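Listed below, chain by chain, are the residues.
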Amino acid sequence: MTINLTVAFAIAVLYSVGFYLLMQRSLMRILLGIVVLGHGSNLLLQIAGGPPGRPPMLDIARPEEMTDPLPQAMALTAIVITFALTTFLLALAYRSWTLLGHDEVRDDVEDRRIQRLEKRLEAGEDEDEDDSTEDEPAKEAAQ
């Protein structure tokens, strides 16, 4: 089985664009990235299925002439999964837009705390001092 270089290049471009959009902070760009990745996956599965052949039914065609139905079934599954993710991300984007007025994904508070801790450790401060100073307000609030 040979693959057309144009189709291989198209699959590579679809995956590249999809992953690039997936790494953005806007939910609409993430949504578009999921859709583009879904199209790339469908194209990859159809190419992996090989050339068209006879329907896979006994007494109609010989086994070597039959088409493998597995890539087609997997492509249908990929379509359903892409559709489900699309509707979920659309709902998230709509909720974010109505509550916050934008669809940007914010940084997680814990991620920012870990980044500050790593910067302090690189600067040469002791890890125990950082934990004790950050936990003092929390301990006071708990009492």
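Only a predicted model underlies this, so the values are computations on that prediction, with no experimental measurement involved.

In terms of helices and strands, the protein chain carries 5 helices and 0 strands. Among the 143 residues that make up the protein chain, the fraction classed as buried is 20%. Counting only contacts in the protein chain whose residues sit at least 6 apart along the sequence, the fraction spanning at least 24 positions is 56%. Counting every atom, the protein chain has about 10900 Å² of accessible surface; 62% of that belongs to carbon and sulfur.

As a further point, take the UniProt feature "transmembrane region" (unreviewed entry) in the protein chain. As annotated in UniProt, the feature "transmembrane region" (unreviewed entry) corresponds to residues 6-23, 30-49 and 73-94 in the numbering used here. With 94% helix and 0% strand, the stretch residues 6-23 has end C-alpha atoms that lie 26 Å from each other. For residues 73-94, the end-to-end C-alpha separation is 32 Å, with 100% helix and 0% strand making up the annotated structure.

Take the nonpolar core next. Core analysis: the biggest nonpolar cluster contains 6 residues, these being Leu27, Ile30, Leu31, Ile34, Leu89 and Ala93. If you list the elements that add at least two residues to this core, you get α2 (27-48) and α3 (70-100). Sorting elements by how many residues they give to this core places α2 first, with 4 residues. Each residue touching Ile30, except ones within four places of it in the same chain, is listed here: Leu21, Leu22, Gln24, Leu89 and Val105.

Rules used throughout
Counting restarts for each chain, with residues numbered from 1 along the sequence as it is written. Given that the model is predicted, a residue must reach a pLDDT of at least 70 before its local features are reported, and side-chain atom pairs must reach 80 or more before they are shown or counted; all residues, however, enter totals for whole chains, interfaces and linings. Heavy atoms from the whole structure form the basis of all side-chain values; hydrogens and water molecules are not counted. Put simply, DSSP marks the helices as runs of H or I at least four residues long and the strands as runs of E at least two long, and each gets a number from the N terminus on. Relative accessibility under 20% of the residue-type maximum defines a buried residue, over 50% an exposed one, and the middle range a partly exposed one, all with a 1.4 Å probe and only protein chains included. Contact definition: two residues touch when any of their heavy atoms are within 4.5 Å. Shrake-Rupley sampling with a 1.4 Å probe provides the accessible areas, and residues are treated as covered by the protein chains on show and by no other component. UniProt positions are given in the numbering used here, feature names are shortened, and annotations may be inferred rather than shown by experiment. Nonpolar cores are built from buried Ala, Val, Leu, Ile, Met, Phe, Trp, Tyr and Cys residues. Side-chain atoms within 4.5 Å join them into one set.

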